[in-house]
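# Summary of the model geometry
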Amino acid sequence: MATSNITQKAQPTQLPIRPIHPWMRAILYLASALVLISGFQLFVLSDFTAQYFAWTVKPSLTAATLGAAYLASCVLEFSAARKRIWAHARIAIPAVMIFTSLTLVVTILHLDRFHITDSDLMSRNAAWAWLIIYVGIPPLLGGIWLLQARIAGTIPARGKPLHRAFAACLALAVIVLIPIGLGMLIAPQSVIPVWPWVLTPLTARAIGAWAFALGFAMAHALWENDWERVQAATWSIATFGLLELLALARYPGDMKWELPQAWFYSLFMALIAIAGVISIINARRKITE
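Since the model is a prediction, treat every value here as computed from it, not as a measurement.

## Here we look at the pattern of salt bridges
It is possible for side chains bearing opposite charge to pair when their charged atoms get close. Taken as a whole, this structure holds 3 salt bridges when the rule is applied. Between Arg-90 and Glu-224 there is a salt bridge, with its nearest N and O atoms 2.8 Å apart. Residue Arg-90 is located in the loop between helix 4 (86-89) and helix 5 (93-109), and its partner Glu-224 is located in helix 9 (residues 201-224); the two are separated by 134 residues in the primary sequence. The salt bridge partner of Lys-160 is Glu-228, with a shortest N-O separation of 3.8 Å. Taken together, the residues Lys-160 in the loop between helix 6 (121-149) and helix 7 (164-186) and Glu-228 in helix 10 (residues 227-250) connect sequence positions 68 residues apart. The class of Lys-160 is partly exposed, set by a relative accessible area of 22%. Classification of Glu-228 as partly exposed rests on a relative accessible area of 26%. The structure contains a network of salt bridges with shared partners spanning Arg-90, Glu-224 and Arg-229.

## Some thoughts on the packing of aromatic side chains
Taken as a whole and assessed by the stated rule, the structure comprises 18 aromatic pairs. Both rings, one in Trp-55 and one in Phe-114, keep their centres 5.8 Å apart while their planes meet at 55°; by these two values the pair is tilted. Remark: Phe-114 occurs in the loop between helix 5 and helix 6 and Trp-55 occurs in the loop between helix 2 (49-52) and helix 3 (60-81); sequence separation between them is 59 residues. Residue classification places Trp-55 among the buried positions, given a relative accessible area of 3%. In this structure Phe-114 comes out as buried when scored by relative accessible area, which is 7%. Taking 6.4 Å as the distance between ring centres and 85° as the angle between the ring planes, the aromatic pair formed by Trp-55 and Trp-130 counts as edge-to-face. Linking Trp-55 in the loop between helix 2 and helix 3 with Trp-130 in helix 6, this pair joins segments that are 75 residues apart in sequence. Among the aromatic residues, those joined into a ring-pair cluster are Phe-53, Trp-55, Tyr-70, Phe-99, Phe-114, Trp-130, Tyr-134 and Trp-210. Here Arg-250 stacks its cationic end above the ring of Phe-43, 5.1 Å away from the centre of that ring.

Rules and cut-offs
- Residues numbered from 1 in each chain as written.
- Predicted model: local features only at pLDDT ≥ 70, side-chain atom pairs only at ≥ 80, totals over all residues.
- Heavy atoms only, no water.
- Salt bridge = Lys/Arg side-chain N within 4 Å of Asp/Glu carboxyl O.
- Helix = DSSP H or I, 4+ residues; strand = E, 2+ residues; numbered from the N terminus.
- Buried < 20%, exposed > 50% of the residue type's maximum accessible area, 1.4 Å probe, protein only.
- Phe/Tyr/Trp six-rings, centres within 6.5 Å; stacked < 30°, edge-to-face > 60°.
- Lys NZ or Arg CZ within 6 Å of the ring centre and 35° of its normal.

Okay, here's the thing in structure tokens:
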């Protein structure tokens, strides 16, 4: 029998779904622990930042507002760290990179306001810990992100698109948060007179860093447009809105209620809270379908 010269074509090997890198998971857990500490210092100990935080934050509403953002970030990072698939966890990474980088710049610009040379050991240690964290996290996260990008694998297709109402809320938040964040970062003196409570250039820029990063995270969620990919962010959005409302309830005297922007701020946070809670329910229902 003649030997056949026909060669068979090799079947292409299908790559597995790209997992989250163990180091990426580790830094997300680390970051969630660090922001939990900052959130506790600011949200729970809002009246005692002179003793327990890296810099003195006044009024207390500002401290609680920043603390709510830190605690919401803790939820995002912890939830993302628990995911096994990279596409379901990556919603946290760009926002964390942007926030930590912006906060490092804000810190350098206002380093004289930090308790670096304070006589109190606790506040001085808090200031040095803050500085070390914000100098170290951006390059460390960037390096691990490169390792994550080198993992071979596929990305699951978008199969469960976001509800239109939730997408509209995200779009509204992006339109509001990103311009306000940029304005507070670049020209805080122009925003301070119209803000509904008293700010300093440092606190304005600190809030601006959060506003811009949160706005970017919501724009990222719109781009992902899949409930499984944004599920970690839904818990964070709900936490952010609810805690910001709680901060207002704790310190209503710090708010300039005679200004219309005070009511706009309150309504905006209520919308964020409601959208976040509803999105948690929708995400769970869609994912289990």
